[in-house]
Amino acid sequence: MNELIAYSGVVLAAALSGIGSAIGVGLVGRAAAGVLSVDPKKFGKLLLLVALPGTQGIYGFVIAFLLLGRIQGADMAADPSFVWKAFLAGCPVAFTGLLSAIHQAKVGVSGVALAAKQPADAAKGLILAVFVEFYAILGFLVSFLMLP
Amino acid sequence: MKSLFLFANGRVSALEKDLLPPRMWQMLLSARDVEEAGRLLADTWYGRFLQGGNFENCFEQAAQAIEQELMELSEDPALVRGILHRRDVRNARYIWKAALSGHPSPVETERPGLIPLDVLRSALTDSEPAPELPALMSRSLEEIRSLQELSPAAIDSVMDRLAAAMEMEELPGMYPGFASFLAARMDILNFGIAARCRLAGMDRTASEQLLLEGGTRKPAEIAQAASSGALPALISDTVELESLGSVLRDAIAEKSFLEYSRESERILLGMLDTGAFAVFGPAPLAAFVIKKEYEISHLRILLAAKAARLERSRLLRRLPRG
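Attention in this report is confined to the structure presented alongside it. Residue indices follow the written sequence of each chain, beginning from 1 at its first position. Chains carry letters from A onward and ligands carry numbers from 1 onward, assigned in written order. At least 70 in pLDDT is required for a residue's local features to be given in this predicted model, at least 80 for side-chain atom pairs to be given and counted, and no such filter applies to totals for whole chains, interfaces and linings, which use all residues. Working from all heavy atoms in the structure, the side-chain values ignore hydrogens and water.

A word on the nonpolar core. Most often, soluble globular proteins have nonpolar side chains that are buried together. With 81 residues, the main nonpolar core has B:Leu28, B:Leu41, B:Tyr46, B:Phe178, B:Leu231 and B:Tyr260 as its most contacted residues. Grouped together as the second largest cluster of nonpolar side chains are 21 residues, B:Val89, B:Trp96, B:Leu136 and B:Val158 included. Nonpolar cores are built from buried Ala, Val, Leu, Ile, Met, Phe, Trp, Tyr and Cys residues. Side-chain atoms within 4.5 Å join them into one set. Relative accessible area decides the class of each residue, using a 1.4 Å probe on protein chains only: under 20% of the type maximum gives buried, over 50% gives exposed, and in between gives partly exposed.

It only takes one pair of heavy atoms within 4.5 Å for two residues to be counted as in contact. Counting residues at the interface gives 16 residues for chain A, matched by 12 residues for chain B. The term buried area refers to how much accessible surface (probe radius 1.4 Å) is lost by two components on association, counted for both of them together. Both faces combined, the contact of chain A with chain B buries some 1,200 Å², and carbon together with sulfur accounts for 72% of it. By the criterion of area lost to chain B, the three top residues of chain A are A:Arg30, A:Val38 and A:Lys117, representing 34% of everything that side buries. Only one rule defines a salt bridge in this text: a Lys or Arg side-chain nitrogen within 4 Å of an Asp or Glu carboxyl oxygen. The interface formed by chain A and chain B includes two salt bridges. Here A:Asp39 and B:Lys17 are joined by a salt bridge, their closest N and O atoms 3.5 Å apart. Polar contacts, as used here, are pairs of N or O atoms within 3.5 Å; protein pairs need one atom able to donate a hydrogen and one able to accept it. Residues neighboring in sequence count only if both atoms are side-chain atoms. Viewed at the interface, chain B and chain A are joined by two residue pairs in polar contact (both at pLDDT 80 or more). Among the elements of the structure, helix H1 (2–36) and helix H4 (82–117) of chain A are those that each provide at least two residues to the side of chain A that touches chain B. Residue polarity is assigned by list, with Asp, Glu, Lys and Arg as charged and Ala, Val, Leu, Ile, Met, Phe, Trp, Tyr, Cys and Pro as nonpolar; anything else, Gly included, falls into the polar class. Split by residue class, the side of chain A that touches chain B holds eight nonpolar, three polar and five charged. Put simply, DSSP marks the helices as runs of H or I at least four residues long and the strands as runs of E at least two long, and each gets a number from the N terminus on.

So, about the side chain of B:Glu69. Residue and element names in this part refer to chain B. Residue position: Glu69 is located in helix H4 (residues 55–73). With relative accessibility at 16%, the residue Glu69 sits in the buried group. At a separation of 2.8 Å, a polar atom in the side chain of Glu69 contacts the side chain of Arg11. Setting aside anything within four residues of it in sequence, one finds Glu69 in contact with Arg11, Leu15 and Ser74.

Quick look at the environment of B:Ala123 now. Locating B:Ala123 in the fold gives a position in helix H6 (residues 117–123). Separated by 31 residues in the primary sequence, B:Ala123 and B:Ala92 place their C-alpha atoms 9.4 Å from one another.

Set out below in structure tokens:
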């Protein structure tokens, strides 16, 4: 039972942030495909916007990987609080990853429209999307610092 | 899951670059003659449709291309119906009005929208409404049949209400930003009708019957303002139309609505250009189609004026461009 709770942290970190990223990349990808169907030369400008919501999944995967290593080498009998520490360590990156990826995708879709209409301002759309990334990074850092 | 129109809006964002920029409008307005305007137009998106200097064919093909985009990109049938049924209503007006006023020869129509022309022709004689005919259209046909006096003006009045009702049935639900555009357009139409009724000396009840539902101002409110001479004040107090107050005052005083039409279109184009349309949803696609419709209509006017060697200043009194 204790092990299950600890592993739940791993599952949450990897799954929720991965789901957020999949949704996010899907949203921006569809909008970008619409632009590319008219103007394939914009691929380079749109690539980063599409890829950006994918980073949350990577953060979740890194925390899950580190957490897995800690759990496998831990003596849970010696430290009963370990299982909860492990579970809670996965939560910040999981939830910030899930929500920030979806909201970043919404900014990204607007950025795609901006890049299509005003190519000179494409970087501004990217910068706005990066602001959302900041909160995913905070979630990642908190999870990292909470690793047992 | 609610349709997000992501691919469609991405594509529309890229296609919007094909809309003629203000600089091109300036150049077209400054063109010496229709040949020069045609040469300028050949370098734009319209160039692909322009063969042998046949502008009408070019605009017809351009409109078809835009409708093709609409039908392929729209994830919501209501949007396609809302846009294309407008032409069906116009065709129904031509056909029914001609038939009911005893017009002998076949009447000229536009390309069918979603209802075949034969269905519109046979609707007048069919005892049961055809399944292709929307309920609103069948109801208007019944209303026309029950008219005591079958005058062209009475038929027009029914068809005006049908056109407004068809548009307001499908399109406003799409997004609040686009709904406000449609409401503003309806208000502009109603204020124009009310002002003309006032100039024609019609009483309040008669003019209220001609006004259409769907605007931010109720027909009764507009008819009341018309009868008390307060139309310019009311339009100045209407959201998005504040600047039309003095224009409508001048139009009533000069009995000419040219400036009113131009300024109204300028406002509507501005709303389409800068309106905060959601990136998620059908509004950008609908706005794009309507912007192209305006563009084609303005190009037709411009080229007709160039062919008639109309002066630039006179052309600018009609066109909200440049």
